[in-house]
Amino acid sequence: WNNAPGPALARGEAALRLLPQHTRRWCEVIVALMFMVHSGAPEPAAMKPGELVEIVLTTPATAATRPLLAETVGWLCTIGVMGADEALADAMYARLLELGREGEGDNLVQTWVNWGTADYIYYRQPAPWTAYLIGQRGLQDFLQIGDRPKSLLMRTALGLQMFDLGERGAGEALLRA
């Protein structure tokens, strides 16, 4: 998709229309489309990013679908804060908190709430230590559920945050662990 984002976006749009909502693939396609657009790819021809956001914001969640929706929203919140898209970040953070309230007691939902919250607070609010502490909970959550790839992403973010906070030794230890 790096060499030809237009055709990749078109295929993603077509796939999204065919996939049943709330499936893993449906969530992955939404995240991939938004990531591509926020990475500088031209906007999709048929479906605009705002439509993807609207789908995620208005899709009702059930106990069975809430974890996947929380994962999607968590990723979109991160894409928003990393891409300096304040409207996307704010909308996804609000939706993430809503899903967290609805899914209280669901460890997987709370894991993604911690992921998105840590990123949101770190980039959008002047509370880096709060973001770090929430990120630590997110790291422990990912380790507890056995999601090593996400735990490595979280550990990397925490290590970089420690560098930013002036704690170089702690940051390096986290990055090397």
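Only a predicted model underlies this, so the values are computations on that prediction, with no experimental measurement involved. (Residues numbered from 1 in each chain as written. Predicted model: local features only at pLDDT ≥ 70, side-chain atom pairs only at ≥ 80, totals over all residues. Heavy atoms only, no water.)

1. Looking at the packing of aromatic side chains
Okay, step 1: Following the criterion strictly, the structure yields eight aromatic pairs and no others.
Okay, step 2: Plain terms: the ring middles of Trp-75 and Trp-112 are 6.0 Å apart, the flat faces sit at 45 degrees to each other, and that makes the pair tilted. Here Trp-112 lies in helix α6 (residues 107-124) and Trp-75 lies in helix α4 (residues 66-82), a separation of 37 residues in the sequence.
Okay, step 3: Take Trp-75: its relative accessible area is 22%, and that puts it in the partly exposed class.
Okay, step 4: Each ring, one from Trp-112 and one from Trp-115, has its centre 5.1 Å from the other, and the planes form 50 degrees; the classification is tilted. You can see Trp-112 and its partner Trp-115 sitting in helix α6, three residues apart, about one turn around the helix.
Okay, step 5: Under the relative-accessibility criterion, Trp-115 is labelled buried at 4%.
Okay, step 6: Aromatic rings pair up to connect Trp-75, Trp-112, Trp-115 and Phe-142 into one cluster. (Phe/Tyr/Trp six-rings, centres within 6.5 Å; stacked < 30°, edge-to-face > 60°. Helix = DSSP H or I, 4+ residues; strand = E, 2+ residues; numbered from the N terminus. Buried < 20%, exposed > 50% of the residue type's maximum accessible area, 1.4 Å probe, protein only.)

2. Quick look at the confidence of the model for the protein chain
Okay, step 1: Per-residue pLDDT for the protein chain has a mean of 88; in total, 93% of the residues score no lower than 70.
Okay, step 2: Per-element confidence in the protein chain ranges from a low mean pLDDT of 82 for helix α1 (residues 5-18) to a high of 94 for helix α5 (residues 86-102). (pLDDT = per-residue confidence, 0-100.)

3. A word on the side chain of Asp-141
Okay, step 1: Topologically, Asp-141 is positioned in helix α7 (residues 128-145).
Okay, step 2: Within the buried set, Asp-141 has no salt-bridge partner at all; the shortest N-O distance to an opposite charge, 6.2 Å, is to Arg-137. (Lys, Arg positive; Asp, Glu negative; His and termini not counted. Salt bridge = Lys/Arg side-chain N within 4 Å of Asp/Glu carboxyl O.)

4. Here we look at the layout of surface pockets
Where empty space is left can be seen by rolling a probe of water-molecule size over the atoms.
Okay, step 1: The space that makes up the largest pocket amounts to roughly 410 Å³.
Okay, step 2: Together, 19 residues line the largest pocket, and Thr-78, Met-82, Asp-119, Tyr-123 and Ala-157 are the ones closest to its centre.
Okay, step 3: At the level of elements, α2 (24-38), α4, α6 and α8 (148-164) are the ones that each hand at least two residues to the lining of the largest pocket.
Okay, step 4: Here the lining of the largest pocket gets seven residues from one element, more than from any other, and that element is α8.
Okay, step 5: Partitioning the lining of the largest pocket into residue classes produces eleven nonpolar, six polar and two charged. (1 Å grid on protein atoms, 1.4 Å probe; cavity = no way out; pocket = protein on both sides within 12 Å on 5 of 7 lines; lining within 4 Å. Points joined across faces, edges and corners; volume = space filled by probe spheres on them. Nonpolar A, V, L, I, M, F, W, Y, C, P; charged D, E, K, R; others polar.)

5. Considering the pattern of salt bridges
Okay, step 1: In this structure the tally under the stated criterion is eight salt bridges.
Okay, step 2: Residues Arg-95 and Glu-98 are paired through a salt bridge, measuring 2.5 Å at the closest nitrogen-oxygen approach. With Arg-95 and Glu-98 both in helix α5 and three residues apart, this pair spans about one turn of that helix.
Okay, step 3: Of the charged contacts in the structure, one is a salt bridge between Lys-150 and Asp-147, with a shortest N-O distance of 3.5 Å. The exposure classification of Lys-150 matches that of Asp-147, with both residues buried.
Okay, step 4: Salt bridges here are not isolated pairs; linked through shared partners, they connect Glu-86, Asp-90 and Arg-124.

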